[in-house]
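Below, each chain spelled out in residue letters.
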Amino acid sequence: MTSELEIFIRRKTQEHGLTLTEVARRAGMSRQSLYEFWRRQSLPNLSTVVELATVFELHPLRLLELYFAEAPSDDPPANAVLDVRYMRDRAHLTRVLFEQSGEALIGLDGQHRITLYNAAAETLFQRPAEEVRGQPAETLLPQHAIARIADHSSLMSEQIAPPAERARGQLRIISHRGDGEPLTFSARVLEVPLADQSLVVLLLQPAPEAQAQQALPAPIGTGALQHTSATGITHPDSLPDLLEQMMRFSAWLNARMGLIVFELEGIDAAHERLGGEVIEQVQSALMRRLSTHLRRTDRLAQLSTTTFALLLPGIDAAERGQQLAQRAQQLIREPVSAGALTLNLAAPMGVAIYPDHSEDAETLLRLARSALTDAQRHGAEAVRLVDTALTRGHSERVTLLQELRTALAAETVELRYEPIYQLGSGELTGLEARLRWHSTTLGCIEHDALRTAAAEGGVQTALEEWLIDRALSDAGTWRQQGLPVPRLTIDVSAASLREETFAPELLSNQAVAHKLAAGKLELELSERELGDPESPVMQRMSQLRARGLSISIDHFGAGFASLLTLPRIPADAIKLTSTLARDAGSESDYQALTGTVADLASRFRLRLNAEGVEDRETAERLHKLGFQEAQGPHFRAMLSAEETGALLAEAMNPVS
């Protein structure tokens, strides 16, 4: 007769799109063993139950519950466990099963006391139960191991959460037996709600002889590492050594390591206003706060005056790295005091994972910086994981850049245009040029990701030169067809503006050569790249405007440029980040903020544009707030050069 357990396993197998053979393989068992399990022909092996539950993404107790739910009434009990299986008390059943299991098990309560220690664990540790039960976890486990177990379990940490719905990752731990000999084993972490209490159960597997002989790496963050005098964290010169130590430690743990690089937004401006000594006090207070809330094995390091790194060894998944980054962000957002001064800071963060993204320390750091750059484009509170589509290893990065250089030479990069419309009248007033490239190895890569890759590979200026030349060429073609060409907006970087090929006279002449008035060519820079009013970038922007070119500030509201500096920015327009534009349509606080920006822009005669507008309601609210222009999915999708020509013809000859 088909059992409820068999029906359940077959149904779950279908739901996950697997075969029974594949399920058995993933659970580390044969198909025959799977049959024997659901026929209940022997006591279940707990490791097998855990692995099988992992395949189906559920808690192992669910399988055990079904295993013991049906038992033939004429089958006499053979021992205490079989006697209990006739009962429906799952909690009692589970505890007895754990005690009787042939696998070594340790159970810890919320106070980190050992409340479960079965006979197999006695044999493994060579310590009698009466010496261990009721004692602190430190009796059997080292402190760093307990910290990692707590990190895997809400029951042993300060997190307020129900027990995990499945077994957590496997940890590698080194301890000592009762006779003082070293003992190396792996542990699966399982949260188990019992009748009287909830336990964190560790399923222990002794390490093979070769692994057991591997010594624990040298303590991390020690030795000849230098530390900064102001904050006491690892000095930039010692970061490579610290990274190497952390990576070796994580490899020994058979785990991942998270590398978080973050930028303290607002520090530069505060430095000019308050002086270096005060800023050092603020940074020191912030680092102490972060260190207090970190795990014992985590480390902080300084990369520059405003850039820092957080190293997280022993994490079980990339998502855990992102979660810890968000926790650090929350701590940074809390006001920081230094004497009578209080500052509000924010920190966009980039996250790279060892060994997923790279096994090389230098490459891993570069990728984390790249992810930080991506985060900065999305706002001061963004957290971005390394884009695996562009960073599948150093060799693929080299291949990508070589392919991109070839594509630029062959002009196989695609240029598309996003229409910009006047709010209220609906008139087409501009076009923003956007890149797209179909890589033969990595597939379709869009504008922002492509510019990031080009910047890291040293070909950003070449890419932007190509972008301007191609966009002006398209504009010249439209003019030859007798079509009216609106303002043409092109993204450029501060690094490119410093190049001689972006000299104001050359760009102005280039526009005129393609029969486009200089005022119709608009260069757009991100707010984060502006610098102070006396910076070389600001000076170049003033020179470009003097030659008749237009300047727009993109992602306004994503950085920390003060609204009071608006009249000192040499620009003709500002563009609100898509996040602020979207929220302005739904939240009163953002409506008030965008209204203030609109009032100031009007006072200083700056054209105000909103990007990323997704619906009519948002467009109407932005118009009422004083925005002149908008772009986004609500208006038009991206268009090819040919489709844009058709749109210009339509605008010239509207259907009555």
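What counts, and where the lines are drawn
Residue numbers restart at each chain and count upward from 1, following the sequence in its written direction. In keeping with the predicted nature of the model, local features appear solely for residues at pLDDT of at least 70, side-chain atom pairs appear and are counted solely at 80 or more, and the whole-chain, interface and lining totals rest on all residues. Computation of side-chain values covers all heavy atoms of the structure but excludes hydrogens and water. Here a strand is any run of E in DSSP of at least two residues, a helix any run of H or I of at least four, and the numbering for each starts at the N terminus. Buried residues are those whose accessible area, probed at 1.4 Å on protein chains only, stays under 20% of the maximum for their type, while exposed residues exceed 50% and partly exposed ones sit between those limits. Contacts between residues were defined by any pair of non-hydrogen atoms, one from each residue, lying within 4.5 Å. Here the open area of atoms and residues is found with the Shrake-Rupley method and a 1.4 Å probe, where only the protein chains shown may cover a residue. Salt bridge, as used here: a side-chain nitrogen of Lys or Arg that lies within 4 Å of a carboxyl oxygen of Asp or Glu. The aromatic pairing rule takes the rings of Phe, Tyr and Trp, using the six-membered ring of Trp, and pairs them if the centres are within 6.5 Å, calling planes under 30 degrees apart stacked, those over 60 edge-to-face and the rest tilted. Note on geometry: axes are C-alpha line fits, over the in-contact stretch for helices, and angles between N-to-C directions span 0 to 180 degrees. Reported orientations rely on four angle classes, namely roughly parallel under 35 degrees, roughly antiparallel over 145, roughly perpendicular from 65 to 115, and oblique for the rest. Two strands qualify as a pair provided that DSSP identifies no fewer than 2 bridges between them. Values of pLDDT, ranging from 0 to 100, describe the predictor's confidence in every residue of the model. What we call a nonpolar core is a set of buried Ala, Val, Leu, Ile, Met, Phe, Trp, Tyr and Cys residues that are connected through their side-chain atoms within 4.5 Å. One less than the residue count of a helix, multiplied by 1.5 Å, gives the span that helix is expected to have. Pairs of N or O atoms within 3.5 Å make up the polar contacts considered here, provided that, within protein, one atom can donate a hydrogen while the other can accept it, and that residues adjacent in sequence are counted only when both atoms are side-chain atoms.

Caption draft 1: Seen up close, the overall build of the chain. Scanning the chain from terminus to terminus reveals 26 helices and 21 strands. Burial status across the chain gives 52% buried among its 656 residues. Restricting to contacts in the chain with at least 6 residues of sequence separation, those with at least 24 account for 63%. With the model as given, the accessible surface of the chain reaches about 29400 Å², and the carbon-plus-sulfur share is 47%.

Caption draft 2: Geometry of the pattern of salt bridges. Counted under the stated rule, the structure contains 24 salt bridges. Between arginine 11 and glutamate 15 there is a salt bridge whose closest N-O contact spans 3.2 Å. With arginine 11 and glutamate 15 both in helix H1 (residues 4–15) and four residues apart, this pair spans about one turn of that helix. In this structure, a network of salt bridges that share partners links the residues Glu432, Arg434, Asp491, Glu524 and Lys575.

Caption draft 3: Structural view of the packing of aromatic side chains. On inspection of all chains with the given rule, the structure shows four aromatic pairs. Considering the side-chain rings of phenylalanine 125 and phenylalanine 185, the 5.7 Å spacing of their centres and the 70 degrees angle between planes classify their relative orientation as edge-to-face. Of this pair, phenylalanine 125 sits in helix H8 (residues 119–125) while phenylalanine 185 sits in strand S4 (residues 182–193); the two residues are 60 residues apart in sequence, bridging distant segments of the chain. We classify phenylalanine 125 as buried; its relative accessible area is 0%. Aromatic pair tyrosine 417 and tryptophan 478: ring centres 5.2 Å apart, planes at 70 degrees, arrangement edge-to-face. Placement of tyrosine 417 in strand S13 (residues 414–422) and of tryptophan 478 in helix H19 (residues 460–480) is noted, with a sequence separation of 61 residues between them. Judged by relative accessible area, tyrosine 417 falls into the buried class, the value being 0%.

Caption draft 4: Here's a closer look at the packing of H1 against helix H3 (residues 31–38). Close contact between H1 and H3 brings their axes to 8 Å; oriented N to C, the two are set at 135 degrees. Relative to H3, H1 is oriented oblique. Across from Leu5, Glu6, Ile9 and Arg10 in H1, the residues of H3 making contact are Leu34, Phe37 and Trp38.

Caption draft 5: Up close: the environment of isoleucine 332. Residue position: isoleucine 332 is located in helix H15 (residues 318–333). Judged by its relative accessible area of 0%, isoleucine 332 is buried. Once residues within four sequence positions are removed from consideration, isoleucine 332 is found in contact with Phe262, Leu264, Leu286, Arg289, Leu290, Leu345, Ala346, Ala347 and Met349.

Caption draft 6: Just the sheet that holds strand S12 (residues 383–385), in detail. Taken in spatial order, the five strands of this open sheet run S7-S8-S6-S11-S12, and their pairing is mixed. With one partner strand each, in any of the chains shown, strand S7 (299–302) and S12 form the two edges of the open sheet. Put simply, the sheet's adjacent strands are angled 25 degrees from each other on average, direction ignored. Bridge count for strand S6 (residues 256–263) against strand S8 (residues 307–315) is eight bridges, and the pairing is antiparallel. Paired with valine 261 across the bridge in S8 is alanine 309. Across the sheet, H15 is in contact with S6, S8, strand S11 (349–354) and S12; its angle to S11 comes to roughly 150 degrees.

Caption draft 7: Quick peek at the confidence of the model for the chain. Per-residue confidence for the chain gives a mean pLDDT of 78, with 76% of residues at or over 70. Here helix H6 (residues 80–84) stands out as the element of the chain with the lowest mean pLDDT, 39, in contrast to strand S16 (residues 487–491), whose mean of 95 is the highest. Here residues 158–167 is modelled with pLDDT under 50, and outside its nearest four sequence neighbours on either side it reaches 19 contacts, counting other chains as well. Scored below 50 in pLDDT, residues 210–216 shows 10 contacts in the model against residues more than four places distant or in partner chains.

Caption draft 8: The nonpolar core, seen in detail. If you look at the biggest cluster of nonpolar residues, it comprises 70 residues, and the most contacted ones within it are Val413, Tyr417, Trp478, Leu523, Met541 and Ile553. Looking at this core, the element that brings in the most residues is H19, giving eight residues. Aside from chain neighbours lying at most four places away, what touches isoleucine 553 is Leu525, Glu527, Leu530, Met541, Ile569, Ala571, Ala573, Ile574 and Lys575. Listed in part, the 28 residues of the second largest apolar core include Ile260, Leu264, Leu310 and Val336.

Caption draft 9: Just the pairing of strand S18 (residues 550–556), in detail. The buried fraction of S18 amounts to seven of the seven residues, a majority that puts the element mostly inside the structure. Bridge count between strand S17 (residues 521–526) and S18: five bridges; the pairing is parallel. The residue of S18 that forms the bridge with serine 526 is aspartate 554. One ladder, built from three bridges, connects S18 with strand S19 (residues 573–576); its direction is parallel. Paired with phenylalanine 556 across the bridge in S19 is leucine 576.

Caption draft 10: Unusual backbone geometry, seen in detail. Residue tyrosine 354 is joined to proline 355 through a cis peptide bond whose omega torsion reads 0 degrees. On the secondary structure map, proline 355 appears in the loop between S11 and helix H16 (361–376). Backbone geometry places histidine 112, a non-glycine residue, at a positive phi of 65 degrees. Accessibility expressed as a relative area gives 23% for histidine 112, which makes it partly exposed. Its identity as a non-glycine residue notwithstanding, glutamine 126 has a phi of 55 degrees, on the positive side. Following the sequence through the fold, glutamine 126 ends up in the loop between H8 and helix H9 (129–132).

Caption draft 11: Seen up close, the environment of arginine 327. Summarising the element assignment, arginine 327 is placed in helix H15. Residues arginine 327 and histidine 293, 34 residues apart in the sequence, show an inter-C-alpha distance of 9.2 Å. In this structure, arginine 327 is in contact with His293 and Arg320, ignoring residues within four places of it in sequence.

Caption draft 12: Up close: H16. An ideal rise of 1.5 Å per residue puts 22 Å on 16 residues; H16 measures up with 23 Å between its terminal C-alpha atoms. Listing the buried residues of H16 in full gives Ala361, Thr363, Leu364, Leu365, Leu367, Ala368, Ser370, Ala371, Leu372, Ala375 and Gln376. For H16, the capping residue at the N-terminal end is aspartate 360, with a side-chain oxygen 3.3 Å from the backbone nitrogen of glutamate 362.

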